[in-house]
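# Working through the structure, step by step
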Amino acid sequence: MGTAKKAPAGNHPRLVRANAIPGCALTAALAAIGGRWKLFVVYRLADGPRHFAALRRSLPDVSAKVLAQQLRELQADGLVSRQRTGPVPATVHYSLTAHGLSVLPVAEQIRRWGLAHQAAFGGDACHDAGADPRATCDAATGLAARP
């Protein structure tokens, strides 16, 4: 047996994930942004690159394992880029790609639909006309304030 170590499986570039229903745009979109934490991650990266620990602190209810999985899937779908900043152990920064930035208007529409849905069905709406809607929802959902 050689002395060379094998790199962990997580260090190899991932291939684009296959669409569950070939040719269906809706399933492709839901696979790309449909994970429980994916839109929250995209939302956090909208302000600029963050390292893993900063993302984890900004989303206190997500485990490190799940966050890493969601980031890998976002990276495989071309929405997030991963950049190492030096030798091992290197700080890794995640940022939105140009394709990832294109998800932001979709996220805003989903947020608006959520407000209308809450209003229609008596849910607790998290909005104030004069406040930043993202910060207001952060406070209502218990998410840590963004820097």
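Structure: above.
Presented here is an overview of the structure given in this document. (Residues numbered from 1 in each chain as written. Predicted model: local features only at pLDDT ≥ 70, side-chain atom pairs only at ≥ 80, totals over all residues. Heavy atoms only, no water.)

## Structural notes on helix α1 (residues 25-33)
For clarity, the threshold we go by: Remark: exposure states derive from per-residue accessible area (1.4 Å probe, protein chains only) relative to the maximum for the residue type, with buried under 20%, exposed over 50%, and partly exposed in between. Secondary structure follows DSSP: runs of H or I at least 4 residues long count as helices, runs of E at least 2 residues long count as strands, and numbering of each begins at the N terminus. Residues count as neighbours in contact if any of their non-hydrogen atoms are within 4.5 Å of one another.
Thr27, Ala32 and Ile33 are the residues of α1 that are buried. Looking at the buried side of α1, the elements it contacts are α2 (38-45), α4 (64-76) and α6 (104-120).

## As for the packing of aromatic side chains
Put simply, the test is: By convention, a stacked pair of Phe, Tyr or Trp rings (six-membered ring in the case of Trp) has centres within 6.5 Å and planes under 30 degrees apart, an edge-to-face pair has planes over 60 apart, and any other such pair is tilted.
Tallying each qualifying case throughout the model produces one aromatic pair. An angle of 50 degrees between the planes, with centres 5.5 Å apart, marks the rings of Trp37 and Phe40 as tilted. You can call Phe40 partly exposed: its relative accessible area is 32%.

## Overview of α6
Spacing of three or four residues puts side chains on the same side of an α-helix, whose turn is 3.6 residues. So the rule is basically this: One less than the number of residues in a helix, times 1.5 Å, gives the span that helix is expected to have.
Look at α6: 24 Å from first C-alpha to last across 17 residues, which is about the 24 Å you get at 1.5 Å a residue. Looking one or two places after α6, you find Gly122, whose phi comes out positive at around 70 degrees.

## So, the pattern of salt bridges
This is how it is decided: Salt bridges, as used here, are contacts in which a Lys or Arg side-chain nitrogen is within 4 Å of a carboxyl oxygen on Asp or Glu.
In total, this model carries three salt bridges according to the counting rule given. Of the charged contacts, one joins Lys38 and Glu73 as a salt bridge, the two residues approaching to 2.9 Å between their closest N and O atoms. Of this pair, Lys38 sits in helix α2 while Glu73 is found in helix α4, placing the two residues 35 residues apart along the sequence. Looking at Lys38, the relative accessible area reads 1%, which means it is buried. On the accessibility criterion, Glu73 (18% relative accessible area) is buried. Here the salt bridges do not stand alone but share partners, grouping Glu108, Arg111 and Arg112 into one network.

## Digging into the environment of Val106
Residue position: Val106 is located in helix α6. In this structure, the C-alpha to C-alpha distance between Val106 and Leu39, residues 67 residues apart in sequence, is 9.7 Å.

## With respect to the sheet that holds strand β3 (residues 92-96)
Rules: Only strands joined by at least two bridges in the DSSP assignment are considered to pair. The axes are straight lines fitted to the C-alpha atoms, using for helices just the contacting stretch, and the angles between their N-to-C directions are given from 0 to 180°.
An order of β1-β3-β2 is seen for the three strands of this open sheet, with the pairing classed as antiparallel. Strands with a single pairing partner mark the edges of an open sheet, and in this sheet they are β1 (50-51) and β2 (80-84). Both β2 and β3 contribute to a ladder of five bridges, which runs antiparallel. Bridge pairing in β3 places Arg82 opposite Tyr94. Contacts from α2 reach β1, β2 and β3 within the one sheet, and its direction differs from that of β3 by about 95 degrees.

## Some thoughts on the side chain of Ser95
Checked against the element boundaries, Ser95 lands in strand β3. Its relative accessible area of 16% is what places Ser95 among the buried residues. Residues in contact with Ser95, not counting those within four places in the same chain, are Leu45, Pro49, Leu79, Val80 and Ser81.

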